[in-house]
Amino acid sequence: MIAKAAAIQHGQAMTNYATKNNRADIVKTNHLSENLPPMGMWDEMVLHQSMFKQKYSKKPIELTSIRFEISPSEEEARNWTMEDWQRCLDEFIHEIDHISKVNHIGKRKGKAATSVKPTNIANSQYFAALHHDSKSGIPHLHLVVNRLDMDGNLNDVKFIGERAVMAAKAVNQRHGWKDAMDIRKERIAEITNACMDVLRSMSAFDWNVYTDRIRAKGYNIELIRDKTDQAKVHGYRFKFGRSTIKASELGVGRSLTVSKIENTFRRLSPQPTPVAVGQRPASSVPSATTMDSQNAAVSSGRSRTVNDGKLVLPARLRKIIEVDGERFNIVMPRTAYDTMNSCIEVPENGSASHNDILNVAMLLFMNYLDAATSMSESCGGGGSPGSGWGRDKDEDDRDWARRCARQASSLCKPIKRGMRR
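Figured I'd write up the structure that's included with this text. Every value quoted in this text rests on a predicted model; they were computed, and no experiment measured them.

## Considerations on helix H10 (residues 354–365)
Part 1 of the argument: Relative to the 16 Å expected for twelve residues at 1.5 Å per residue, H10 spans 16 Å between its end C-alpha atoms, a close match to the ideal helical length.
Part 2 of the argument: With ten of twelve residues buried, H10 is to be regarded as a mostly interior element.
Part 3 of the argument: Listing the buried residues of H10 in full gives His354, Ile357, Leu358, Asn359, Val360, Ala361, Met362, Leu363, Leu364 and Phe365.
Part 4 of the argument: Where the residues of H10 are buried, they touch helix H7 (261–268), strand S13 (316–323), strand S14 (326–333), helix H9 (334–343), helix H11 (369–378) and helix H12 (397–411).
Part 5 of the argument: Trailing H10 by a residue or two, Asn367 shows a phi angle of about 70 degrees, which is positive.

## Examining the pattern of salt bridges
Part 1 of the argument: Using the criterion set out here, one finds 15 salt bridges in the structure.
Part 2 of the argument: Two residues, Arg391 and Asp397, come together in a salt bridge whose shortest N-O distance is 2.6 Å.

## Notes on the pairing of strand S9 (residues 233–240)
Part 1 of the argument: Two strands pair when backbone bridges link them, and strand S8 (residues 221–225) and S9 are joined in this way by five bridges, in the antiparallel orientation. Paired with Glu222 across the strands is Arg237, a residue of S9.
Part 2 of the argument: Bridging between S9 and strand S10 (residues 243–246) involves four bridges; their strand directions are antiparallel. Counterpart to Phe238 in the pairing with S10 is Ile245.

## A word on the sheet that holds strand S7 (residues 140–149)
Part 1 of the argument: With respect to topology, five strands assemble into an open sheet ordered S1-S3-S7-S6-S2, the strand pairing being antiparallel. Edge strands, defined here as strands with exactly one partner in the open sheet, are strand S1 (2–8) and strand S2 (25–30). When the angles between neighbouring strand axes are averaged without regard to direction, this sheet yields 15 degrees.
Part 2 of the argument: Contacts between helix H1 (residues 11–19) and the sheet are confined to S1, S2, strand S3 (65–71), strand S6 (124–131) and S7, with S6 contributing the most and set at about 40 degrees to the helix.
Part 3 of the argument: Each of S2, S3, S6 and S7 is contacted by helix H2 (residues 38–50), which is oriented at about 20 degrees to S7, the strand it contacts most.

## Some words on the nonpolar core
Part 1 of the argument: Within the largest apolar cluster, 32 residues are counted, with the highest numbers of intra-cluster contacts made by Met332, Met340, Met362 and Leu363.
Part 2 of the argument: Mapped by element, the contributors of at least two residues to this core are S13, S14, H9, H10, H11 and H12.
Part 3 of the argument: Looking at which element gives the most residues to this core, the answer is H10, with eight residues.
Part 4 of the argument: In this structure, Met1, Ala128, Leu130 and Val157 belong to the second largest nonpolar core, which totals 30 residues.

## Concerning the packing of aromatic side chains
Part 1 of the argument: Tallied over the full model, the rule gives 14 aromatic pairs.
Part 2 of the argument: Arranged with centres 5.7 Å apart and planes meeting at 80 degrees, the rings of Trp207 and Tyr210 form a pair that is edge-to-face. Linking Trp207 with Tyr210, this pair stays in helix H6 (residues 207–216), spanning three residues, or about one helical turn.
Part 3 of the argument: Among the aromatic side chains, those forming a connected cluster through ring pairs are Phe205, Trp207, Tyr210, Tyr219, Tyr236, Phe238 and Phe265.

## Notes on the packing of H10 against H12
Part 1 of the argument: Running from amino to carboxyl end, H10 crosses H12 at an angle of 130 degrees, the nearest separation of the two axes being 8 Å. What the angle tells us is that H10 and H12 run oblique. Every pair of crossing elements has a handedness; the one defined by H10 and H12 is right-handed. Where H10 abuts H12, its residues Ile357, Val360, Ala361, Leu364 and Phe365 lie against Asp397, Trp400, Ala401, Cys404, Ala405, Gln407, Ala408, Ser409 and Leu411.
Part 2 of the argument: Taken together, the residues of the contact of H10 with H12 sort by class into eleven nonpolar, two polar and one charged.

## Description of unusual backbone geometry
Part 1 of the argument: You will see that His31, though not glycine, has its phi angle at about 55 degrees, which is positive.
Part 2 of the argument: Residue placement: His31 occurs in the loop between S2 and H2.
Part 3 of the argument: For His31, a relative accessible area of 40% puts it in the partly exposed group.
Part 4 of the argument: Located in the positive-phi region is Asn79, a residue other than glycine, with phi close to 65 degrees.
Part 5 of the argument: Topologically, Asn79 is positioned in the loop between S3 and helix H3 (82–97).

Thresholds, definitions, all that
Residues numbered from 1 in each chain as written. Predicted model: local features only at pLDDT ≥ 70, side-chain atom pairs only at ≥ 80, totals over all residues. Heavy atoms only, no water. Helix = DSSP H or I, 4+ residues; strand = E, 2+ residues; numbered from the N terminus. Expected span 1.5 Å × (residues − 1). Buried < 20%, exposed > 50% of the residue type's maximum accessible area, 1.4 Å probe, protein only. Contact = heavy atoms within 4.5 Å. Salt bridge = Lys/Arg side-chain N within 4 Å of Asp/Glu carboxyl O. Pairing = 2+ DSSP bridges. Axes fitted to C-alpha atoms, helices over the stretch in contact; angles between N-to-C directions. Core = buried A, V, L, I, M, F, W, Y, C linked by side-chain atoms within 4.5 Å. Phe/Tyr/Trp six-rings, centres within 6.5 Å; stacked < 30°, edge-to-face > 60°. Parallel < 35°, antiparallel > 145°, perpendicular 65-115°, else oblique. Left-handed = near helix turned anticlockwise from the far one by under 90°. Nonpolar A, V, L, I, M, F, W, Y, C, P; charged D, E, K, R; others polar.

Structure, rendered in structure tokens:
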């Protein structure tokens, strides 16, 4: 079972929604007259609040009600009767009314829990309506509670969302039901493994191929595309009934987000197998790294050397990058290039490609700062490395390459331009 809660000021609209304009099943009402229509129940709550208007005249109550959503899993609620739903509701209210300390989200481990004033929902006006028509097909309860209890005291809503989660967890433990957070963690691990498997199976990264193969595994994936450019993907998520798992929750270090997924694909993809001179590679489409290295080697006059019939790539990469009509000669150790290539991060919502950022990083590596700045600006970024930029005295090639890759990714981030007044 999972539960959500929030204090709201649109109690009237929530009453309409929760009761589906009198089309939802009313599971229970508390301290309300019998057989009232939805708006009649809300009017009684407003009337009760007006009785204590003088008490709260200095600080009027803005958030006049609390809404809860209580959703057992399909297995837990299978074949439930109305009495079962009432019992579940009473149990949830009992648990939430007895919470006095909350380890709220964002609190560091080891820190003391925050004290809160317990709610008094059991002695407050409320009604609970049962919805059967959710997209997931799983019935769930909507509970609308008056902020003022029957004694005119305000139901405290500090960390009310966290309290709802804690109350649901206590009910789950009592019945031996699986905790919602444990289920979510298992789903995240399961989806991560599926995404990694799909990336390993791809010969080249393509969003359409990626999503098709994910869906073939039975997952509901949804791409978030740019409104003006549908070919551009900003993000994606997975849907499980009423819950959503974002790409940022998958993998390690956000490795499956839009900005990092191509880097992850490159790390998972097998490296091209070197072949003997004159022998055609197994793949007719060489990778960008292979093409760069072969073209650079050919242009340098030292194409390849053969050792026992195997291709041995030169130890140094040579490449010419053209910026604003000027040609810049790049010569760097292959180990540094490979390290740099693996560290490139493509910023979200930007126009720079992986190769654009890599070229900026190589220019930085060779200390062509003006050229690197100019190229980053042409990709929608801007700024410069700064006057203190440069290679440290004790910095080796790989560390310097990593720093250049990070700086290039930063330079190519899109600039947020605001309007001046």
